[in-house]
Amino acid sequence: MAANIHCSIINRKRNFLSHCVINMAASVRTFVRSLSRKNACFTAVLRRSECRGFTGAAEDRSTHFGFETVSEAEKASKVYKVFENVAQKYDVMNDAMSLGIHRLWKDALLHVMHPQPGARLLDVAGGTGDIAFRFLDYIRSQQEKQQRRAMSLGQTPSWRDISDGYPAGGGAPESAVVVCDINKEMLKVGRQRADSRGVTTGLSWVVGDAEELPFNDDQFDLYSIAFGIRNVTRIDQALKEALRVLKPGGRFLCLEFSKVTNPVLERLYDAYSFQVIPVLGEVIAGDWKSYQYLVESIRKFPDQEEFKGLMEDAGFFCVQYFNLTGGVVALHSGFKL
Amino acid sequence: MYVNFRYQAESPKSDVARRLSVLLDMATLLRGLRAAGALRGLGGVLAAPTATNPQFCRLRRGFYCAALRLQDESKSDKASSSSSSSSSTSYHEHYQAHSAQQDTAGQHHSDPAAEGTSSSADGQSEYQDEEYESEEQLQARILTAALEFVPLHGWSMEAIAAGAESLGLSSASTGMFINGSGELVLHFIADCNTKLTEILAEQHNQVQLGQAEKKKTSEFLRDAVETRLRMYIPYIETWPQAMSILLLPHNIPDSLKHLSNLVDDIWYYAGDRSTDMNWYTKRAVLTGIYNTTELVMVQDSSPDFQDTWAFLDNRIQDVVNMATTAKQVQSTGEAVVQGLMGAAVTLKNLAGLNQRR
């Protein structure tokens, strides 16, 4: 009762759902946002368990975990455990399972994204930072291309131009990427990779839940979630959060496994998924069950058209999708207009 | 304004198009929509359900027809003179047909190649303003805003990004334009064509009302081409880039369509009603004149492009001379043939072959 009154006092512009759970989450979320980002990593994990503990509603609703049925409360913690286990070998396994094709998929995501200089990207479920690194490389090569074009026009930059190019406080907005993941292990691996690549600026690592992002409204130009949204317990909630943190005109991009369109390819793909991938998981990472969960969760995820419908329901416009590798992976894109 | 079904005039035969009553209906209601502007909000409400579904288009058409008949009548009352009311309504319809074609053309170019653009609106009260304006309208607005930045960035995605930012949208919204620079150039050209049609229609009205003198054909053509080319002056530095973009294979069909509409409009308002081979030759000639003058303009550095207008004058004079020469040749040829026939008959008489026994 007190919690409900507390929530009604808090002015939430975009609180569409009327569930008790979400109202509780809203009150706790504003509390979280008032803390700095570093502290969020402690409260994030506590927050979720508190939420679930306060009401019994989440435990009554069930959802899928692979082919099992579990309660919503359990799914989040089970997914957390899966990724905690696989974090160290995540990149190696990706290469092994997809025969390196996942790199092409992620490159395609960046090409479709085509970020303009000065864009800010939020990469959710971006644990080990694949998309973030590609984004920074893309921006840097674009800037180099622009500089080369300016040079080729025969204008040698004056000393004033060069000194203007030095990063100044309060200048044009620099591109930045924020990597957000619910799992600290994955972020740790990502940070190690960033250090080994020597990337220091324009990148930050935040622990956060896709269903309750620790950011204010209208913050980001681009939101991407690559191979992460099928692990989210409530997809519609994640989509609404994405809509909230995007600026007007911002773009939502989702790369995810989807339904294969060709029936022959589908049979091959199923055989490969269920026979080969868990075996690879056992051999390389020593974890059969996590990779069994992976292939099962792919089957449980809605197909291209359904996900497009979910995006439109959440309020995205100009929703379209591209099938990559014959439908094995689909890239969905929508705008907040 | 949300005409998303494609009227492809495959060849510039707008006399056939004119005869399609379906097109006329559509055109009248579109013209009324644009001119009045009063139904914009109404149109927005009706567009909210789905933007691209042709069934809805037909529904909307049926709805609007009644409302716009009234507007159309009021407009034609204003503009028609006593003697030629039928021709003036046909002018209106033609004008509307062309503005409709240009509207659809303009919007097709700002239409992304998206399967199923959506505008579902469950409980999105915050975005209601954007919804009532359809996605195509928003894209048209972004492109218009981007035109300001063209002198700085050229005809490119950067200009579109700057335009979007000037409207308060994130630069990521450029993702809606798959063929960014092409769409920008085509949008600009469609805009210019619409403006030219308005100017020509206005002049035509003036002549009909008796407030202005009717110009000679050659003078009319010259003025029309000059007016149209003057619209490029603010962008003349980057116009070569735009021309090269228009020549890219995926842009050629659209740019040819715009060009043919432009030339057809100019000839129509010049008074051409031919229905034979002349229709094609006239348009071909004007296309040649227009393209060559455009090329001269791009590299012209004289004050106020005087060299270009002099070139235009000369070309039109050439065409006029050629027309008179052709007539002379024809009449000379006829005279020569008659002379020969006469000589042949005389010879036969002399040789006694014409006698009848």
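The residue numbers shown here count from 1 along each chain, following its written sequence. Key to labels: chains lettered from A, ligands numbered from 1, both in the order written. Per-residue local features of the predicted model are confined to residues with pLDDT of at least 70, and side-chain atom pairs are confined, for both listing and counting, to 80 or more; whole-chain, interface and lining totals are unaffected and use all residues. The side-chain quantities take in all heavy atoms of the structure and omit both hydrogens and water.

1. What about the overall build of chain A?
Moving on, step 1. Secondary structure elements are defined from DSSP: runs of H or I of at least 4 residues count as helices, runs of E of at least 2 residues count as strands, and each element is numbered from the N terminus. Check the secondary structure of chain A and you find 14 helices and 9 strands.
Moving on, step 2. Categorising residues by exposure relies on relative accessible area from a 1.4 Å probe, with only protein chains included: less than 20% of the type maximum marks a residue as buried, more than 50% marks it as exposed, and the intermediate range marks it as partly exposed. Relative to its 337 residues, chain A shows a buried fraction of 52%.
Moving on, step 3. Restricting the contact set of chain A to residue pairs at least 6 apart, pairs at least 24 apart contribute 73%.
Moving on, step 4. Here the open area of atoms and residues is found with the Shrake-Rupley method and a 1.4 Å probe, where only the protein chains shown may cover a residue. A total of about 15800 Å² of accessible surface is found on chain A, and carbon and sulfur atoms cover 56% of it. We call two residues in contact when some of their heavy atoms are within 4.5 Å.

2. Structural notes on the packing of aromatic side chains
Moving on, step 1. Classification of ring pairs rests on two measures: the distance between centres of Phe, Tyr or Trp rings, Trp counted by its six-membered ring, which must be within 6.5 Å, and the angle between planes, read as stacked under 30 degrees, edge-to-face over 60 and tilted in between. In total, this model carries 19 aromatic pairs over all chains according to the counting rule given.
Moving on, step 2. Measuring from ring centre to ring centre gives 6.1 Å for phenylalanine 67 of chain A and phenylalanine 274 of chain A, while their planes differ by 25°; the resulting arrangement is stacked. Taken together, the positions of phenylalanine 67 of chain A in the loop between strand E1 (62-65) and strand E2 (68-71) and phenylalanine 274 of chain A in helix H12 (residues 263-285) put the pair 207 residues apart, joining distant regions of the chain.
Moving on, step 3. A relative accessible area of 25% places phenylalanine 274 of chain A in the partly exposed class.
Moving on, step 4. Considering the side-chain rings of tyrosine 223 of chain A and phenylalanine 252 of chain A, the 5.3 Å spacing of their centres and the 25° angle between planes classify their relative orientation as stacked. Linking tyrosine 223 of chain A in strand E6 (residues 220-226) with phenylalanine 252 of chain A in strand E7 (residues 246-257), this pair joins segments that are 29 residues apart in sequence. Of the two residues, tyrosine 223 of chain A and phenylalanine 252 of chain A, both sit in the buried class.
Moving on, step 5. Through a chain of ring-to-ring contacts, the aromatic side chains of Trp155, Phe188, Tyr232, Tyr235 and Trp239 of chain B assemble into a single cluster.
Moving on, step 6. Look at NZ for Lys and CZ for Arg. If either is within 6 Å of the ring centre and within 35 degrees of the ring normal, a charge sits over the ring. Above the face of the tyrosine 268 of chain B ring, arginine 273 of chain B is positioned so that its terminal group lies 4.0 Å from the ring centre.

3. A word on the UniProt feature "binding site: S-adenosyl-L-methionine" (unreviewed entry) in chain A
Residue and element names in this part refer to chain A.
Moving on, step 1. UniProt positions are given in the numbering used here, feature names are shortened, and annotations may be inferred rather than shown by experiment. Look at the UniProt record and you will see "binding site: S-adenosyl-L-methionine" (unreviewed entry) annotated at Thr128, Asp181, Asp209 and Ala210.
Moving on, step 2. By secondary structure assignment, the location of threonine 128 is in the loop between strand E3 (120-124) and helix H8 (130-152).
Moving on, step 3. Discounting residues that sit within four places of it in the chain, threonine 128 has contacts with Tyr90, Asp91, Phe133, Met186, Val189, Gly190 and Arg193.
Moving on, step 4. Polar contact is defined as a pair of N or O atoms within 3.5 Å, subject to the rule that within protein one atom must be able to donate a hydrogen and the other to accept it, and that residues adjacent in sequence are counted only when both atoms are side-chain atoms. A distance of 3.4 Å separates polar atoms of two side chains, one belonging to threonine 128 and the other to aspartate 91.

4. Notes on the pairing of E2 of chain A
All names here are of chain A.
Moving on, step 1. Direction of pairing for E1 relative to E2: antiparallel, over a ladder of 4 bridges. Opposite threonine 63, over in E2, you have valine 70 as the bridge partner.
Moving on, step 2. Whether two strands pair depends on DSSP finding at least two bridges between them. Counting the residues between successive antiparallel strands, the hairpin from E1 to E2 contains 2 residues, one of them, glycine 66, with a positive phi of roughly 65°.

5. Describing the pairing of strand E5 (residues 203-207) of chain A
All names here are of chain A.
Moving on, step 1. Across the 5 residues of E5, 4 count as buried, placing the element largely inside the fold.
Moving on, step 2. Sheet topology places strand E4 (residues 176-181) next to E5; 5 bridges connect them, and they run parallel. Considered in E5, the bridge of cysteine 180 is made with valine 206.

6. A few points about the side chain of serine 134 of chain B
Moving on, step 1. Tracing the backbone through its elements, the reader meets serine 134 of chain B in the loop between helix H6 (128-132) and helix H7 (135-147).
Moving on, step 2. Here glutamate 136 of chain B takes part through its side chain, which lies 3.3 Å from a polar atom of the side chain of serine 134 of chain B.

7. Here's the deal with the confidence of the model for chain A
Moving on, step 1. Per-chain confidence: chain A averages 81 in pLDDT, with 77% of residues scoring 70 or above.
Moving on, step 2. pLDDT expresses, on a scale from 0 to 100, how confident the predictor is about each individual residue. Contacts from residues 35-55 of chain A, a stretch scored under 50 in pLDDT, to residues over four places away or in other chains number 23 contacts.

8. Considering helix H5 (residues 72-86) of chain A
Moving on, step 1. Multiply 1.5 Å by the residue count of a helix minus one, and that product is the helix's expected span. If you check H5 of chain A, its first and last C-alpha atoms are 22 Å apart, about what 15 residues at 1.5 Å a residue would give, namely 21 Å.
Moving on, step 2. What H5 of chain A keeps buried is the set Glu72, Ala73, Lys75, Ala76, Val79, Tyr80, Val82, Phe83 and Val86 of chain A.

9. Thoughts on the nonpolar core
Moving on, step 1. Working definition of a nonpolar core: buried Ala, Val, Leu, Ile, Met, Phe, Trp, Tyr and Cys residues. They are joined through side-chain atoms within 4.5 Å. Grouped together as the largest cluster of nonpolar side chains are 56 residues, with contacts concentrated most on Trp155, Leu184, Tyr232, Trp239 and Ile266 of chain B.
Moving on, step 2. Broken down by element, the residue count for this core peaks at 9 residues, all from helix H10 (residues 180-209) of chain B.
Moving on, step 3. The two domains that each donate at least three residues to this core are domain 1 (135-177) and domain 2 (179-327) of chain B.
Moving on, step 4. Excluding anything up to four places from it in sequence, isoleucine 266 of chain B contacts Leu196, Leu200, Phe220, Leu221, Ala224 and Leu286 of chain B.
Moving on, step 5. Within the second largest apolar cluster, 34 residues are counted, among which are Leu110, Tyr269, Ile298 and Val329 of chain A. Domain extents, as shown, originate in an automatic or database domain assignment.

10. Here we look at helix H11 (residues 217-230) of chain B
Moving on, step 1. Over its 14 residues, H11 of chain B extends 20 Å from the first C-alpha to the last, a length consistent with the 20 Å expected when each residue adds 1.5 Å.
Moving on, step 2. Those residues of H11 of chain B lying buried are Ser218, Phe220, Leu221, Arg222, Ala224, Val225, Glu226, Arg228 and Leu229 of chain B.

11. Describing the UniProt feature "domain: Ubiquinone biosynthesis protein COQ9 HTH" (unreviewed entry) in chain B
Moving on, step 1. Within this structure's numbering, the places UniProt gives as "domain: Ubiquinone biosynthesis protein COQ9 HTH" (unreviewed entry) are residues 135-165 of chain B.
Moving on, step 2. With 84% helix and 0% strand, residues 135-165 of chain B has end C-alpha atoms that lie 17 Å from one another.

12. Here's the deal with unusual backbone geometry
All names here are of chain A.
Moving on, step 1. The phi torsion at histidine 114 lies on the positive side, around 40°, for a residue other than glycine.
Moving on, step 2. Examined against the element boundaries, histidine 114 turns out to sit in the loop between helix H7 (101-113) and E3.
Moving on, step 3. Of note in this structure, alanine 125 is not a glycine but carries a positive phi near 55°.
Moving on, step 4. Inspection of the secondary structure assignment puts alanine 125 in the loop between E3 and H8.
Moving on, step 5. Relative accessible area serves as the criterion here: at 30%, alanine 125 is assigned to the partly exposed category.

13. Some words on the pattern of salt bridges
Moving on, step 1. Salt-bridge detection follows one rule: a side-chain nitrogen of Lys or Arg within 4 Å of a carboxyl oxygen of Asp or Glu. On inspection of all chains with the given rule, the structure shows 26 salt bridges over all chains.
Moving on, step 2. The partner of arginine 61 of chain A in a salt bridge is glutamate 72 of chain A, and the shortest N-O contact between them spans 3.3 Å. Of this pair, arginine 61 of chain A sits in the loop between helix H4 (57-60) and E1 while glutamate 72 of chain A sits in helix H5, and the two are 11 residues apart along the sequence.
Moving on, step 3. The partner of arginine 222 of chain B in a salt bridge is aspartate 313 of chain B, and the shortest N-O contact between them spans 2.3 Å. Here arginine 222 of chain B is found in helix H11, whereas its partner aspartate 313 of chain B is found in helix H15 (residues 306-351), with 91 residues between them in sequence.
Moving on, step 4. For arginine 222 of chain B, a relative accessible area of 18% corresponds to the buried category.
Moving on, step 5. Given a relative accessible area of 31%, aspartate 313 of chain B falls into the partly exposed group.
Moving on, step 6. The structure contains a network of salt bridges with shared partners spanning Arg222, Glu226, Arg230, Asp304 and Asp313 of chain B.

14. Brief notes about the sheet that holds E7 of chain A
All names here are of chain A.
Moving on, step 1. The strand order E5-E4-E3-E6-E7-E9-E8 describes an open sheet built from 7 strands, whose pairing is mixed. If you trace the sheet from one side to the other, it starts and ends with E5 and strand E8 (317-324), each paired once. Mean inter-strand twist for the sheet, computed between neighbouring axes without regard to direction, equals 15°.
Moving on, step 2. Here E3 runs beside E4; their pairing, made up of 5 bridges, is parallel. Pairing of valine 124 across the sheet is with cysteine 180, part of E4.
Moving on, step 3. Orientation is described by axes fitted as lines to C-alpha atoms, over the contacting stretch for helices, and by angles from 0 to 180 degrees between their N-to-C directions. Most of the contacts of helix H11 (residues 235-245) go to E7, to which it runs at about 145°, and overall it touches E3, E6 and E7.

15. With respect to a nonpolar patch on the surface
Residues and elements named next belong to chain A.
Moving on, step 1. Together, Val264, Leu265 and Leu268 give the surface a local cluster of nonpolar side chains, amounting to about 280 Å² of exposed area.
Moving on, step 2. Along the polypeptide, leucine 265 turns up in helix H12.
Moving on, step 3. Leucine 265 gets classed as partly exposed once you look at its relative accessible area, which sits at 32%. Patches were defined on residues exceeding 30% relative accessible area and lacking a salt bridge, with like-charge contacts within 9 Å and nonpolar side-chain contacts (Val, Leu, Ile, Met, Phe, Trp, Tyr) within 5 Å.

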